[in-house]
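# Tertiary structure, described
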Amino acid sequence: MHKIFNSLLLIALISVTMLISACSSKSNTEEVQTEEILAYLTNYDEKTKSLTFDEIEWIDQSDTGRIKELGLDPESDFPSGFRVYNESEQTKSLKVSDDVEIDVVNGANLQEPLIIDIQELAKHIQVYKPLFYLTINNNVIIKMSEKYTP
């Protein structure tokens, strides 16, 4: 009985010590901040590996609160069922991750996007100003997906 009591006491002491140390130790990991935005891509600088873009808002007819807030007319301002709202044409630049994932709309099969690399994207941007979802993690672009626009 004495050995069982000592074993339980030892386990309890170790548990309390671990709990106290876990609560009091500072974590060296930074909080990861990931966000997704929708933006027109305007330029890619290969030297700095930075992408310049203009963030926009996609509004469809079902967003009645936002339509009212902006003073839009659901009948005349949404000929295609959506509206691209660009409050400011101010651009922003962010670094692009070395292992960024990029997919573009596949005109032959909208269900299967095409995977491209950053050099192909740079050429794509020169031809027209594409609309992309950008996934940003701690101010670095880690994923880009072209938004289909009918």
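This is a predicted model, so every value here is computed, not measured. (Residues numbered from 1 in each chain as written. Predicted model: local features only at pLDDT ≥ 70, side-chain atom pairs only at ≥ 80, totals over all residues. Heavy atoms only, no water.)

Moving on, we come to the overall build of the chain. When its secondary structure is counted, the chain shows three helices and seven strands. In the chain, the succession of α and β elements from N to C terminus is α-β-β-α-β-β-β-α-β-β. Counting only carbon and sulfur atoms, one obtains 52% of the accessible surface of the chain, whose full area is about 10,900 Å². (Helix = DSSP H or I, 4+ residues; strand = E, 2+ residues; numbered from the N terminus. Areas by Shrake-Rupley, 256 points an atom, 1.4 Å probe, with all protein chains shown as cover.)

What follows is about the pairing of strand 6 (residues 131–137). With respect to burial, strand 6 is a largely interior element, five of its seven residues being buried. Here strand 1 (residues 34–45) runs beside strand 6; their pairing, made up of seven bridges, is antiparallel. Bridge assignment links E36 to a residue of strand 6, and that residue is T135. Relative to strand 7 (residues 140–146), strand 6 runs antiparallel, the two sharing six bridges. Residue pairing across strands places N137 opposite V140, the latter belonging to strand 7. (Buried < 20%, exposed > 50% of the residue type's maximum accessible area, 1.4 Å probe, protein only. Pairing = 2+ DSSP bridges.)

For the rest of this paragraph, the subject is the nonpolar core. For soluble globular proteins, nonpolar side chains are generally found buried alongside one another. Judged by nonpolar contacts, the single largest core of 21 residues is most densely connected at L41, L51, L121, L134, I141 and M144. At the level of elements, strand 1, strand 2 (50–60), strand 4 (92–104), helix 3 (118–127), strand 6 and strand 7 are the ones that each hand at least two residues to this core. The element best represented in this core is strand 4, accounting for five residues. Beyond its immediate sequence surroundings of up to four residues, I141 is in contact with L51, F53, L94, K95, V96, S97, V100, L134, T135 and I136. (Core = buried A, V, L, I, M, F, W, Y, C linked by side-chain atoms within 4.5 Å. Contact = heavy atoms within 4.5 Å.)

Our focus in this paragraph is the packing of aromatic side chains. Scanning the model with the defined rule gives one aromatic pair in all. For the ring pair W58 and F82, a centre distance of 4.1 Å and an interplane angle of 10° mean the geometry is stacked. Residue W58 is found in strand 2, and its partner F82 is found in strand 3 (residues 82–85); the two are separated by 24 residues along the sequence. By relative accessible area, which is 23% here, W58 ends up partly exposed. With relative accessibility at 16%, the residue F82 sits in the buried group. (Phe/Tyr/Trp six-rings, centres within 6.5 Å; stacked < 30°, edge-to-face > 60°.)

Let us now look at the environment of Q90. Among the secondary structure elements, Q90 is positioned in the loop between strand 3 and strand 4. What makes Q90 exposed here is its relative accessible area of 63%. Residues Q90 and E55 lie 35 residues apart in sequence; the distance between their C-alpha atoms is 8.1 Å. Beyond its immediate sequence surroundings of up to four residues, Q90 is in contact with F53 and D54.

The set of residues buried in helix 3 consists of I118, L121, A122, H124 and I125. Across the axial projection of helix 3, the buried residues extend over an arc of 160°, all falling on one side. Turned more than 90 degrees off the buried face of helix 3, the exposed positions are K123, Q126 and V127. Where helix 3 is buried, its residues meet strand 1, strand 2, strand 4, strand 5 (114–116), strand 6 and strand 7. Measuring from the side-chain oxygen of the N-cap residue of helix 3 to the backbone nitrogen of Q119 gives 3.2 Å; that N-cap residue is D117. (Arc of directions from axis to C-beta. Polar contact = N/O pair within 3.5 Å; in protein donor to acceptor, adjacent residues only side chain to side chain.)

Here the focus is the pattern of salt bridges. One pass over the full model with this rule turns up four salt bridges. D98 is paired through a salt bridge with K49; the nearest N and O atoms lie 3.2 Å apart. Pair noted here: D98 is in strand 4 and K49 is in the loop between strand 1 and strand 2, with a separation of 49 residues, a long-range link. We classify D98 as exposed; its relative accessible area is 69%. For K49, a relative accessible area of 39% corresponds to the partly exposed category. Between D77 and R83 there is a salt bridge, with its nearest N and O atoms 3.7 Å apart. Residue R83 is classed as partly exposed on the basis of its relative accessible area, which comes to 30%. Several salt bridges converge on common partners, so that one network encompasses E57, R66 and E69. (Salt bridge = Lys/Arg side-chain N within 4 Å of Asp/Glu carboxyl O.)

Everything listed here is a matter of coordinates, which is why it stays silent on function.
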